[in-house]
Amino acid sequence: KSYEEPPGYDTSIMLYNSSNKRKSKLITKESGVISWYCCGPTVYDSAHIGHACCYIHFDIIRRIIEEVFYQNVVLVMGITDIDDKIINRANAEVVDYRTIAQYYEEEFFKDMNRLNIKKPVITARVTDYIPEIISFVNKIIDRGFGYVTADGSVNFSVNKYSNYGVFGRAQEESSSEPSGKEDSRDFAMWKGAKPGEPSWSSPWGKGRPGWHIECSAIASKLLGSRLDIHSGGIDLQFPHHENEEAQCCVHHNVNSWVTYWMHSGHLFLKDSVKMSKSLKNTISVDSFLSQYSSDHIRMLCLMIPYRNGIEYGNDVMDNAIAVYNKFRNFISDCNAYIEGTKPLGFFEETALFQDLDETKKTVLNCLANDFDTSSAVSRIIQFITKANSAFSQESNIMETKSCFAVAAASAYVENFLAMCGFLLNDIIVKENSVGEIRNILESSVRFRSNVRNLALHMNKTSELVDVKSSLLGACDQFRKDMNVSGIELKVNNFFPYPAETIEKWSLGACDSALDLERWFGSIEFESSNTALKFSRPSLSAAH
């Protein structure tokens, strides 16, 4: 089937369309405005990091569209607050289904806030749109594509819809749909009431909406008969999005309802096992944020194309943190150069500005090419590496060492991260910072203990060789501990000192750690030859 460019307004963005598996110009129905519907959560349990990655990817894309290409995004998110899983959870806990739905909806948006994901323009709960859903189903019946079963359910007749199979799958849907289907592919738009379940009155008897009709009716009500973008995880392509498209094309009497379908890849564990609640192998957002920051997972998503899967593991997170720290340390170093607290080498200002300009152009082209943030990050890393080399060189051949060029470089990198939704030094959830401070303090105390004990037991020069590996090991571990907390320690070459000087310096440096008390309140260090005691009050009382 040949591709026909839709009428409308060019955004200068090339977007991959999951329905025809090709990149094409993102052309919108209205000038400067993009209508976007995003499938939200079924609120019966806590969100996990697989959900987080999906929504972070789309949040980054939304920010790029708004802040780079200056399009006004009207994002609608549907919330499924009535569903078999919600009912089963409510029955298991002997509470009303609305109690479950409300609790997990609130928790979901708190998690999204902690991840710095922008709120939808409109949040639409299914139970607030029951009349619209009933009317939507009724129109499909009137057009001859729906039929009522004996139990009061209403099914969509797939056999009568010739364009079924947009996503290349038309096999039987495996689910708990009511019986009475004329075709194994048919699916329920309305489910007849079962004893003890929530239900609403309809022309076909009491019942509740089917899964797929919810998004069709809500998106059509709020965004109309043509959507610019519809997004969701790759697992929603079939049957959910396939059935949404079929229902809406029939209802609106059009050949195509959504212009561009966007799907994000899965988050996998090792051995390509999908992270999902059904497999009971999930990591909650809350649990993840007790170990990492929202910037860490955002960098992970920024480094991987949104359509690709992510194999999650410690090594993957370590890599994302290292890249994040490279960006943050570059900004910090530039600030130190500008403030004069770090010596700035002589460099060719013209060459730096030229590389900055080329970087900007390359990054813009990457973002316009299906939001290729992975390639954009790679190009900025190249720029940072080159700039670091220029700023630190000792040669005085060049004519200038301008802070203007340093500030320009720093501002670009920082603005890029801010545009992509990074918080950098901002803290949304204060308990996360408390945890980081605790980790920093405990790592510092552990390091002090190791170095002090080694210094106390050194027998001058004769033992320096034997103790060298232990000292270096303690230093390496300390650097790793600091890196987890977002602090990168850079190695400098020290001048050689006599053994007596090293021993004296080691003990003096350890004792100076006591000065931490000035910064963090009443912290006590109690040294002994065998143990180190560390105690402090609640950080809420710290200075």
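Quantities reported herein were computed from a predicted structural model and do not represent experimental measurements.

Moving on to empty space enclosed by the protein. Throughout the structure, instances matching the rule amount to three cavities of 30 Å³ or more. In this structure, the largest cavity encloses a volume near 140 Å³. As for the largest cavity, its lining consists of 15 residues, of which Y55, L75, M77, I117 and K118 are closest to the centre. Of all the elements in the fold, those that place two or more residues in the lining of the largest cavity are β3 (33-42), α1 (49-67), β4 (72-80) and α3 (97-114). Ranked by residue count, the leading element in the lining of the largest cavity is α1, at four residues. Each residue belonging to the lining of the largest cavity can be placed in one class, and the counts come to eleven nonpolar, no polar and four charged. Space inside the second largest cavity adds up to approximately 40 Å³. Along its surface, the second largest cavity is lined by H57, I60, I61, C301, I304, P305, Y306, F371 and T373. If you tally residues by element for the lining of the second largest cavity, the top one is α1, at three residues. Residues that form the lining of the second largest cavity fall into these classes: seven nonpolar, two polar and no charged.

The next point concerns the sheet that holds strand β5 (residues 122-125). Taken together, the five strands give an open sheet; going across it, the order is β5-β4-β3-β10-β11, and neighbouring strands pair in parallel fashion. Of all the strands in the sheet, the pair left with one neighbour each is β5 and β11 (258-264). Going from strand to strand, the sheet's axes swing by 20° on average, the running direction of each strand aside. Sheet topology places β3 next to strand β10 (residues 227-233); three bridges connect them, and they run parallel. Of the residues in β10, the one forming a bridge with W36 is I229. Against the sheet, α1 touches β3, β4, β10 and β11, its axis set at about 165° to β3. Each of β3, β4 and β5 is contacted by α3, which is oriented at about 145° to β4, the strand it contacts most.

Take the pairing of strand β2 (residues 22-28) next. Across six bridges, strand β1 (residues 9-17) lies against β2 in antiparallel orientation. The partner of Y16 across the bridge, within β2, is K23. What sits between the antiparallel neighbours β1 and β2 is a turn of four residues, in which K21 has the positive phi angle 55°.

A few words now on the packing of helix α10 (residues 349-368) against helix α11 (residues 373-392). At their nearest, the axes of α10 and α11 sit 8 Å apart, and the two run at 170° to each other. Of the possible angle classes, the one that applies to α10 and α11 is roughly antiparallel. Contacts between α10 and α11 involve L352, D355, L356, E358, T359, T362, V363, C366 and L367 from the former and T373, S375, A376, R379, I380, F383, K386, A387 and F391 from the latter. Partitioning the contact of α10 with α11 into residue classes produces ten nonpolar, four polar and four charged.

Moving on to a negative patch on the surface. A surface patch of negative charge is lined by D271, E311, D315 and D318. Structurally, the position occupied by D318 is in helix α9 (residues 314-339).

By secondary structure assignment, the location of S374 is in helix α11. In sequence terms S374 and M299 are 75 residues apart; their C-alpha atoms lie 9.8 Å from each other. Dropping the residues within four chain positions of it, S374 is found in contact with L302, M303, I304 and P305.

Attention now moves to the sheet that holds strand β8 (residues 187-192). Taken in spatial order, the four strands of this open sheet run β6-β7-β8-β9, and their pairing is antiparallel. Among the strands making up the open sheet, the edge pair consists of β6 (146-148) and β9 (207-209). For this sheet the average axis-to-axis angle between neighbouring strands, irrespective of direction, equals 20°. Here β6 runs beside strand β7 (residues 154-156); their pairing, made up of three bridges, is antiparallel. Bridge pairing links Y147 to N155 in β7. Most of the contacts of helix α4 (residues 130-142) go to β8, to which it runs at about 125°, and overall it touches β6, β7, β8 and β9.

Further remarks concern unusual backbone geometry. Negative phi is the rule for most residues except glycine; trans is the rule for most peptide bonds. The amide bond that connects F238 to the next residue, P239, takes the cis arrangement and shows omega of 10°. In the Ramachandran plot, V94 falls in the positive-phi region, its phi being about 55° despite a non-glycine side chain. Position of V94 relative to the elements: it lies in the loop between α2 (84-93) and α3.

What follows is about the confidence of the model for the protein chain. Counting all residues, the mean pLDDT for the protein chain is 84, and 77% of those residues have values of 70 or more. pLDDT under 50 marks residues 427-432. Its contacts with residues more than four places away, or in other chains, come to eight contacts.

Within helix α8 (residues 294-303), ten of the ten residues are buried, which leaves it mostly tucked inside the rest of the structure. For α8, the full list of buried residues reads S294, D295, H296, I297, R298, M299, L300, C301, L302 and M303. Where α8 starts, the residue carrying a side-chain oxygen 3.3 Å from the main-chain nitrogen of D295 turns out to be S293.

Next up on the list: the pattern of salt bridges. If charged atoms from side chains of opposite charge come close, those side chains can pair. Applying the stated rule across the entire model yields 19 salt bridges. Linked through salt bridges whose partners overlap, the residues forming this network are D84, K191, E197 and R208.

Summed over the entire model, instances satisfying the criterion amount to zero disulfides. No disulfide involves C301; its sulfur sits 3.8 Å from that of C53, the nearest cysteine.

Nonpolar side chains in soluble globular proteins tend to be buried together. In terms of nonpolar packing, the biggest core is built from 136 residues, with W36, F156, F327, F391 and F416 touching the most fellow members. Per-element accounting of this core gives the leading share, eleven residues, to α1. Residue-level mapping places this core at the junction of two domains, with at least three residues from each of domain 1 (9-170 + 180-303) and domain 2 (327-423). Apart from residues no more than four positions distant in its own chain, F327 is found in contact with M299, V377, I380, I381, I384, V413, F416 and L417.

To continue, consider the packing of α11 against helix α12 (residues 403-419). Helix packing for two helices is described by the angle between their axes and how far apart those axes are. Orientation of α11 relative to α12, taken along the N-to-C sense of each, is 155°, at an axis distance of 12 Å. As judged from the angle between their axes, α11 and α12 are roughly antiparallel. Viewed along their axes, α11 and α12 form a crossing whose handedness is left-handed. Of α12, the residues touching α11 (which contributes A376, I380, F383, I384 and F391) are V406, A409, Y412, V413 and F416. Classifying every residue of the contact of α11 with α12 gives ten nonpolar, no polar and no charged.

Reading the values: rules and limits
- Residues numbered from 1 in each chain as written.
- Predicted model: local features only at pLDDT ≥ 70, side-chain atom pairs only at ≥ 80, totals over all residues.
- Heavy atoms only, no water.
- 1 Å grid on protein atoms, 1.4 Å probe; cavity = no way out; pocket = protein on both sides within 12 Å on 5 of 7 lines; lining within 4 Å.
- Points joined across faces, edges and corners; volume = space filled by probe spheres on them.
- Helix = DSSP H or I, 4+ residues; strand = E, 2+ residues; numbered from the N terminus.
- Nonpolar A, V, L, I, M, F, W, Y, C, P; charged D, E, K, R; others polar.
- Pairing = 2+ DSSP bridges.
- Axes fitted to C-alpha atoms, helices over the stretch in contact; angles between N-to-C directions.
- Contact = heavy atoms within 4.5 Å.
- Parallel < 35°, antiparallel > 145°, perpendicular 65-115°, else oblique.
- Patch = residues over 30% accessible without salt bridge, like charges linked within 9 Å, V, L, I, M, F, W, Y side chains within 5 Å.
- Areas by Shrake-Rupley, 256 points an atom, 1.4 Å probe, with all protein chains shown as cover.
- Salt bridge = Lys/Arg side-chain N within 4 Å of Asp/Glu carboxyl O.
- Lys, Arg positive; Asp, Glu negative; His and termini not counted.
- Charge placed at Lys NZ, Arg CZ, Asp CG, Glu CD.
- pLDDT = per-residue confidence, 0-100.
- Buried < 20%, exposed > 50% of the residue type's maximum accessible area, 1.4 Å probe, protein only.
- Polar contact = N/O pair within 3.5 Å; in protein donor to acceptor, adjacent residues only side chain to side chain.
- Disulfide = S-S within 2.5 Å.
- Core = buried A, V, L, I, M, F, W, Y, C linked by side-chain atoms within 4.5 Å.
- Domains from an automatic or database assignment.
- Left-handed = near helix turned anticlockwise from the far one by under 90°.

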